[in-house]
Amino acid sequence: MIDPATLHRRARRVLPEKIGTDAVIVDAMDDATLATLLFPLVHRRRGCLLFRLSSQTIAALVSRAAGYLQDARQAREGLGRWTHPLTYTAWRDQGQGASQRFDTRSDDGRAALCLLPAAACAVYIWDDRGLQHIDAFSTRR
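Computed from a predicted model, the values in this text were never measured in an experiment.

(A) Spatial organisation of the overall build of the chain. On a plain count of helices and strands, the chain comes out with three helices and six strands. Scanning the chain from its N terminus toward the C terminus, one meets helices and strands in the order α-β-α-β-α-β-β-β-β. Each of the 141 residues in the chain was classed as buried or not, and the buried ones make up 43%. When the accessible surface of the chain is totalled, it reaches about 8300 Å², and 52% of it is carbon and sulfur.

(B) Expanded view of the pattern of salt bridges. Under the definition given, this model contains four salt bridges. Between glutamate 17 and arginine 76 there is a salt bridge, and its shortest N-O distance comes to 3.7 Å. In this pair, glutamate 17 sits in the loop between α1 (4-11) and β1 (21-25) while arginine 76 sits in the loop between α3 (55-69) and β3 (92-94), placing the two residues 59 residues apart along the sequence. Residue class for glutamate 17 comes out exposed when judged on its relative accessible area of 59%. Measuring nitrogen to oxygen at the nearest pair gives 3.7 Å for the salt bridge that ties arginine 92 to aspartate 103. Linking arginine 92 in strand β3 with aspartate 103 in strand β4 (residues 101-105), this pair joins segments that are 11 residues apart in sequence. For aspartate 103, a relative accessible area of 2% gives the class buried. Where salt bridges share partners, they join Arg92, Arg101 and Asp103 into one cluster.

What counts and how
- Residues numbered from 1 in each chain as written.
- Predicted model: local features only at pLDDT ≥ 70, side-chain atom pairs only at ≥ 80, totals over all residues.
- Heavy atoms only, no water.
- Helix = DSSP H or I, 4+ residues; strand = E, 2+ residues; numbered from the N terminus.
- Buried < 20%, exposed > 50% of the residue type's maximum accessible area, 1.4 Å probe, protein only.
- Areas by Shrake-Rupley, 256 points an atom, 1.4 Å probe, with all protein chains shown as cover.
- Salt bridge = Lys/Arg side-chain N within 4 Å of Asp/Glu carboxyl O.

Have a look at this one:
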């Protein structure tokens, strides 16, 4: 049986080591949903993953975000056996209070990551065509 902990362990490879998460958030945690995410028969060219941020990460973002995220710019692991981990651009701090968010994009332009401390959520989106054709997280360059 495929379990949520395995999904979380594999999915968080795209996140920098400093970004602590407790789980992947999915609508339905049945075996079919987990199998689709872990062992896709066809490579998913685009998609989105939601993570629940750990309480330590939320506290660090609220108290000292700039210093905390400064060196959080490389993913834990590569997505394939022989691929290098994603690297991300500098983090951007946008909004304040409940609407505050921190976002970045991968250097190759195919993925984006947004941290929403008030919602205790991290959003990771990817599109193999590149994200320049969409306005991911309303960031303008």
